[in-house]
Amino acid sequence: MTADTTPGVTADGEAAAIGRLASTVEGLRHELQRAQADSAGRALIEMAVGVLIERLGCGPTEAASQLDGLADRAGTSVLELAADLVNQASSDRISALAGDFVAASGQPARPARSAALRLRSTQADTLSRADAHAVAQSMLGHALHPLGATAVAIWAAHPDQSLSLAGAGGFSEAEVLRWRYVPPGVPTPARQALDRREAVGHATISGAGLPSIGSLEAPGGRLAVPAGSGGRLVGVLEICWPGPLPERTQSLQRQFEALAELAAATLETWDHDTEGPFGPADAAFEELRQLTDGLLDPCLTLCLAPGSEEGPVQFLIEHVNPAFVDFAGRPGNAIVGSRLLEAYPLAAEAGGLFEAVEHTFATGEPFRARNMRLSAHLDGVPLSTTAQVAISRHGRRLAVVWRLDDGTARVARLLQHAQRLGRIGGFEENLTTGQIHWNETLFDLHGIPPTAPPIALGRLADHAHPDDRQTIERFLRTLLHHRRPASSAFRLQRPDGVARHIRVVAEPVAVSDTQPTVVRGAYQDVSAQHWTEVALAASRDQLAQSEQQAAERARLALQLQHAIMPPARGPIDLHDLQVAVRYRPAEKDHLVGGDWYDALTLPTGEVLLCVGDVAGHGIEAATGMVALRNALRGLAATGAGPAQLLNWLNSVTHHLTDNVTATAVCALYHPGSGRLRWARAGHLPPVLLRGGRAETLPQLGGILLGALDQADYEEGEAHLRSGDTLVLYTDGLIERRDKPLQACLDSLLALSERAVGEPGARGLEAHLDHLLRFSDADTDDDTCLVGIRVQ
């Protein structure tokens, strides 16, 4: 059998052909780079030749020959010597930088010339370039690659605070197209540099959290240097590193400023309508942008996304007008630069927005709908609205205008504010695929950066306090095994060492009868509530203890008061007097007062009658009452009159008690003659009931006890007859908040006279009971009455 010798290409032959093609392309690329370097070198040499022509007064050929000879004698390259000559003849930032290098090194060594050579080569190449895009690539190749930078962007500033990408190097074509225009208000590093009018550096652009070109392609250090001349800023030079931002020494900073000056010189002659990495199509974009910015309704400008020629058609949101309102509540700068289906993934539904956009782009037919459904997801929460939508094609771009019919955007903003104020973060976890979605609040709550992976429910116990592990296990068992909504509280241990009290609520969402596939829920930081509850519990304990102590003090005061002065006491006979007592405590148990009374026969044969009221309530008032009552009993044994007794009792009150004041009325009755001597210390006058008529005894002078060290008291005298009734009382019997004192006394007199006519109130005790029952006092103070009837 013979082998098949049909002519064809074998697999090995194809591989060899592809290898030769790749080698050819690589060789052409190196040749292009050498050609670009030679072009920059020739431009620099031509500048040096011009310097020699001016200084030597010779022709171009002789000047070029002199340059070669000087380089041979100096033992250096023609290019380095040309840079030195241009630096000596110039007085710009580059020549100053070269001088600093020489001074720092002590000799004109080759390393000291390298920075100036790179910058001078960049300048020469810049002057020979036709557009800002080529200038950016020249800067990157000549000056920035040796410093470790991998990309550079030249931004042009506009009066409306917007930015245009004039030139770029080191970025992919898709990234350059995406960042061709930055609307006003987007906080990029370039905008920061313009606002501060100084260079702004970030250790890493990802750590800074600022949007900018190449955030994914060059996530490392970022430096933005304002570009201007004559005090006027025209743009920004933005330099990107793959790793952290290098230390900005003074020499490096001056190199960056020199490059920014070259960028400014390029921007001075840059026409954004015809130049740049995007070609002359920008003129059409600028015209459409101006048109949409004048609309009063929200409008998006769309263009074909990179890669749409080879794959499925995708549209990029290139611009939004100032009136743009996202129905999901997001700001416009969060939308610009993303694909339409990235910003609004639900637009791909049948008959949705994407289908209408695709049709208008393909056919050019304008599209209008009066009631189109628009949907989006915000932090895992589906939001939808209806709107009037109009779509029109303008060359290779589309304008999408919508008019919202409800307040969904406002509701979305309210939801975001409510989540932020309530410290609530929502999540959704797909148990099948393992995908987890968190909103921004949840990352902040857990103390991790937004770039960190979310924490799965199964790993929640690893981030909690060890004592809460069983609590979390019960929560997960209820949620995942029993497939029921569950909630729990635990202590979260954050990476920064801070412990937070968290409440988690979740529910399983099952799409079949087997196992739940999605769990949705929320975490809430309840630390403030927890510590408030702890403080309240401590306060409740302290309050309970205080209440217990107060109740104990009130009980002791009441026991002391009852021991000295029982609330109810039967009438007693003292010679020809019948004495009855009534005491009514305050309605509140803790308001134990200092009312007191006494009635006894003295060794002289006279009868002592007294009623007093110590100011205040509680144990202090009760002990003060006991002290004054016992002191008066002892003083009365001396045989002194009522005025003198009150004088002595005032001294006792002032000196022997702690800030105690009291009122009192003191009387001495002589049984044989019926004579009654009495005096009062700020107390209400006794009431005399005789022959059915009631009147008060005269208002004698006398200040309350304990107010002054020395006080004089006026003494009065009256004669009691058989059948007379004398009532001594405290202010709790008559005082009202809405009446003056005299009106209250008049009411007592009227009540006493009416009691005479009551058949059941003719006895002494019945009379006192009648006064207590029908008294209209409203001060809730304790009351003491002493009734004396002459038999």
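Everything here concerns the structure above.
Scope of this entry: the structure provided in the associated data block. Keep in mind that this is a model prediction, so the values were computed, not measured. (Residues numbered from 1 in each chain as written. Predicted model: local features only at pLDDT ≥ 70, side-chain atom pairs only at ≥ 80, totals over all residues. Heavy atoms only, no water.)

### Some points on empty space enclosed by the protein
Scanning the model with the defined rule gives three cavities of 30 Å³ or more in all. In this model, the second largest cavity occupies a volume close to 60 Å³. The wall of the second largest cavity is formed by Phe327, Tyr344, Leu346, Ala347, Glu349, Gly352, Leu353, Arg373, Leu374, Ser375 and Trp402. Top element by residues in the lining of the second largest cavity is strand β9 (residues 367–378). It accounts for three residues. Tallied by class, the residues present in the lining of the second largest cavity amount to seven nonpolar, two polar and two charged. (1 Å grid on protein atoms, 1.4 Å probe; cavity = no way out; pocket = protein on both sides within 12 Å on 5 of 7 lines; lining within 4 Å. Points joined across faces, edges and corners; volume = space filled by probe spheres on them. Helix = DSSP H or I, 4+ residues; strand = E, 2+ residues; numbered from the N terminus. Nonpolar A, V, L, I, M, F, W, Y, C, P; charged D, E, K, R; others polar.)

### A word on the side chain of Ser527
Within the element layout of this structure, Ser527 appears in helix α17 (residues 527–564). Looking at Ser527, the relative accessible area reads 3%, which means it is buried. Side chain to side chain, Ser527 and Arg500 meet in a polar contact 3.5 Å long. There is a polar contact of 2.8 Å between the side chain of Ser527 and the backbone nitrogen of His501. (Buried < 20%, exposed > 50% of the residue type's maximum accessible area, 1.4 Å probe, protein only. Polar contact = N/O pair within 3.5 Å; in protein donor to acceptor, adjacent residues only side chain to side chain.)

### Looking at the pairing of strand β23 (residues 687–690)
The pairing of β23 with strand β24 (residues 693–696) spans four bridges and is antiparallel. Residue Leu689 lies in a different strand from β24, and its bridge partner there is Ala694. Adjacent in sequence and paired antiparallel, β23 and β24 are bridged by two residues, among which Gly691 carries a positive phi angle near 60°. As judged from the three bridges shared by β23 and strand β26 (residues 725–729), these two strands associate in the antiparallel manner. Paired with Leu688 across the two strands is Leu726, which belongs to β26. (Pairing = 2+ DSSP bridges.)

### A closer look at the sheet that holds strand β16 (residues 518–525)
Reading across the sheet, the five strands line up as β13-β12-β16-β15-β14 and stay open at both edges, with antiparallel pairing between neighbours. In this open sheet, the two edge strands, each paired with only one partner strand, are β13 (436–438) and β14 (486–493). Across the sheet, the mean angle separating the axes of adjacent strands is 25° when strand polarity is ignored. Relative to β16, strand β15 (residues 499–509) runs antiparallel, the two sharing eight bridges. The residue of β16 that forms the bridge with Pro508 is Val519. Each of β14, β15 and β16 is contacted by helix α16 (residues 469–481), which is oriented at about 145° to β14, the strand it contacts most. (Axes fitted to C-alpha atoms, helices over the stretch in contact; angles between N-to-C directions. Contact = heavy atoms within 4.5 Å.)

### Quick word on the packing of helix α6 (residues 132–144) against helix α10 (residues 250–268)
The contact between α6 and α10 brings their axes to 10 Å, and the two run at 165°. Between α6 and α10, the crossing angle belongs to the class labelled roughly antiparallel. The hand of the α6/α10 crossing is right-handed. Of the residues in α10, those in contact with Ala132, Val135, Met139, Ala143 and Leu144 of α6 are Phe256, Leu259, Leu262, Ala263 and Thr266. (Parallel < 35°, antiparallel > 145°, perpendicular 65-115°, else oblique. Left-handed = near helix turned anticlockwise from the far one by under 90°.)

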